[in-house]
Amino acid sequence: MPKGLKLTAFLLAVMLAAVSCGGKQEQKQTAQVQTENKEDSKELKLLFPQVLERDGAEVDGTFVIGLASDTPWKGVFNTFLYQDTPTYEAMRPMLGNFMAGGPNHEIIDGGYCNMTFDREKKTATYHIEPKLTWSDGVPVTAEDIIFCYECVGHPEYTGVRYNANMQNVVGMEEYHKGEAKNISGVKKIDEKTVEVTFKDYFPGILWGAGLTYNAEPYHYLKDIPITEMEAHDRVRKAPLSCGPFVISSMVEGDILEYVPNPYWYGKKPSISRLVVKRIQPTSVAAALKAGDVDVINFNLDLYDQFVELDDEGKTKLDANGKPILKVDNIDILGAVRGAYGYVGFKMGRWNNEKGEAEMFADGGKFKDKALRQAIGYAMDNDGIHAIYYHGLCITANSFITPYHPGFYDVNRKGYSYNPEKAKKLLDDAGYKDIDGDGYRETPDGKPLKINLLFISGSDVAAPVASYYIQNWKDVGLNVALNDGRLIEFNAFYDKLTNDDPDVDLFVAGWGVGSNPQPNSLYGRTARFNRLRWVNERNDELLAKIASEEVFDEAFRAQAYKEWDENILEEAPAIPTNYRIGLTAINKRVKNWDKRFVSSWDYCDLGLISDKPAVNTMK
């Protein structure tokens, strides 16, 4: 998820030049950021390339991918059961490109499973690659797709993927209620084809709304009760794969060892062993310099350990305009990430009986929109990005990101730093410092203390939290860390999920995924709606985005614009940044690709030396 850029209108050129592992044709596509004045569009210039391709013959060896995290992954290696990003990242070599994405991440041909969409019939049809086979030698079939639907729709399924999109599948709700033995809208056409029928047909389906994205092995998991599946060894220790690699051994939560899937139908990997291991964030620099990892995404707070900076903290460039590195055994790639940071307000709780969020009856601490907006205007995100991230973040102006260039509007006005405006909003709403202690009281004269939940995990987490707290103090708001400390990743989300009453405000991030529809985070029935925000106008606009009229491009652009403007005005959250993801790559690595639309796959991994390069610079 960026750099010292003032984001004006820009053009994202997305080139799909690699041949996929399944032997698909070369693809080239371009995506345009939508702006009010297209003539003002400019190219987004990144300091680092997005693609690495090195000359040299490939050799066999062990490829090591590092995952920087202070938290072990939960290790639920199943696509309808996992919930945490670290687990997803750890299992990506076994998932590969099950479905391929276009310039705005809409589903296109080129994956292990292609899709056809029929608007008139309201159907989406899976076409599984005929040679696609599980790592135990059993072919991937229609039953494996149907199995995913039946598990997600099972009455005892408690995961997050039974949502409004799945409920839009014909017969899903009846199946979930136990009123039907199967899902009438999910039909096996033949051994490699499944047709899904929807109640309402809307453009989000082209991005995967109501689709499984992956298959899971019916023959391997069918006898495990859904309530026991998440804890079962066949999910946690010995999952099957239909991708290029399969797990061969592990140290739970810390190390996965992969070997090539012997039944993989596509390009055969040139390496015989792939290791994914967790690296403490504080150890990333040492691991890279020693050649202990071949590839790792690293936090921006480590940037100055790899790149020369001037006295103002800006990146030093050589005569060719390239960043000057402090280490000589790596290259660095960078790309806009499909995520954004935000500050969220806890505005209610989850109602299990209704299966939806509900607002606090009394409105809670943040019932006043002016208070929420003031908190947004008080935040100096530009300052944080310059001081702690060397300008490698773009201050967010919208809840829609550049990751979906066809939907993003660079001219949207977000919450830029304006403490005077924040003070006026608070004054006009009646939040005033009555007792002279430097902090404002509520309009009815009561003390206002706001508890902030903030994740640990990087060297700059504490100073960034302190910076925000000072920003809010500067406008008279008393904000303090929950329990006086930062909190680790899993505990952070446990508190939000369980609606801990001591949490008022939290700083988090959201991966937008391929589907630009925002209902999975901001919908009334979305379990990921950790704000617990409910708004009738938001309901109407989400419904508009999900309507058939949105197949019209102009209508679609207007629908997304109206939704974004409404949520920015209501401010149940404040978007803070778009990020550039940085990846360090050892000099022995043949290739890597960080473009957000690409046919590159894990079977393309290669090494040009059997020994990793080590840093020789001091």
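Residues numbered from 1 in each chain as written. Predicted model: local features only at pLDDT ≥ 70, side-chain atom pairs only at ≥ 80, totals over all residues. Heavy atoms only, no water.

Enquirer: Explanation requested: the confidence of the model for the protein chain in the structure shown.
Expert: Any residue range with low pLDDT should be treated as having predicted coordinates unsuitable for detailed reading. Confidence in the prediction for the protein chain averages 89 pLDDT; 93% of positions are at 70 or higher. Low pLDDT, under 50, characterises residues 1-44; the predicted model gives this stretch 124 contacts beyond four residues in sequence or across chains. (pLDDT = per-residue confidence, 0-100. Contact = heavy atoms within 4.5 Å.)

Enquirer: Whenever I open this one, the packing of helix H10 (residues 381-388) against helix H12 (residues 461-474) confuses me. Can you help?
Expert: In helix packing, the relevant descriptors are the interaxial angle and the interaxial distance, both defined with respect to the helix axes. Direction vectors running N to C along H10 and H12 enclose 155 degrees, while the axes themselves pass 11 Å from each other. Here H10 lies roughly antiparallel to H12, going by the angle between them. In the packing of H10 onto H12, the handedness of the crossing is right-handed. Note on element contacts: H12 touches H10 through Pro463, Val464, Tyr467 and Tyr468, opposite Asn381, Gly383, Ile384, Ile387 and Tyr388. Grouping the amino acids of the contact of H10 with H12 by side-chain chemistry returns 7 nonpolar, 2 polar and no charged. (Axes fitted to C-alpha atoms, helices over the stretch in contact; angles between N-to-C directions. Helix = DSSP H or I, 4+ residues; strand = E, 2+ residues; numbered from the N terminus. Parallel < 35°, antiparallel > 145°, perpendicular 65-115°, else oblique. Left-handed = near helix turned anticlockwise from the far one by under 90°. Nonpolar A, V, L, I, M, F, W, Y, C, P; charged D, E, K, R; others polar.)

Enquirer: I would appreciate a short explanation of the packing of aromatic side chains in the present structure.
Expert: Two numbers describe a pair of aromatic rings. These are the distance of the centres and the angle of the planes. Applying the stated criterion to the full structure yields 33 aromatic pairs. On the numbers, 5.8 Å between centres and 50 degrees between planes, the contact of Tyr522 with Trp563 is tilted. Of this pair, Tyr522 sits in helix H14 (residues 519-522) while Trp563 sits in helix H16 (residues 553-570); the two residues are 41 residues apart in sequence, bridging distant segments of the chain. Measuring from centroid to centroid gives 6.3 Å for Trp592 and Tyr602, while their planes differ by 90 degrees, and the two rings are edge-to-face. Of this pair, Trp592 sits in strand E24 (residues 591-593) while Tyr602 is found in the segment after E24, placing the two residues 10 residues apart along the sequence. For Tyr602, a relative accessible area of 8% puts it in the buried group. One Lys or Arg, Arg161, reaches over the ring of Tyr82 and ends 4.6 Å from the middle of that ring. It is Arg234 that lies over the ring of Tyr220; its NZ or CZ is 4.5 Å from the centre. (Phe/Tyr/Trp six-rings, centres within 6.5 Å; stacked < 30°, edge-to-face > 60°. Buried < 20%, exposed > 50% of the residue type's maximum accessible area, 1.4 Å probe, protein only. Lys NZ or Arg CZ within 6 Å of the ring centre and 35° of its normal.)

Enquirer: I'm lost on the packing of helix H9 (residues 369-377) against helix H11 (residues 419-428) in this one. Help?
Expert: Between H9 and H11, whose axes approach to 8 Å, the crossing angle comes to 165 degrees. Relative to H11, the element H9 is oriented roughly antiparallel. Where H9 crosses over H11, the handedness of that crossing is left-handed. The segment H9 lies against H11, with Ala370, Leu371, Gln373, Ala374 and Tyr377 engaging Pro419, Lys421, Ala422, Leu425 and Leu426.

Enquirer: I would appreciate a short explanation of the nonpolar core in the present structure.
Expert: As a rule of thumb, nonpolar side chains are buried together in soluble globular proteins. One finds Phe306 and Trp472 to be the most contacted residues of the largest nonpolar core, which totals 102 residues. With residues near it in sequence (within four places) discarded, Trp472 still touches Ile375, Ala378, Met379, Leu452, Leu477, Val479 and Leu505. In terms of nonpolar packing, the next biggest core, distinct from the first, is built from 78 residues, Trp73, Met99, Leu274 and Val589 among them. (Core = buried A, V, L, I, M, F, W, Y, C linked by side-chain atoms within 4.5 Å.)

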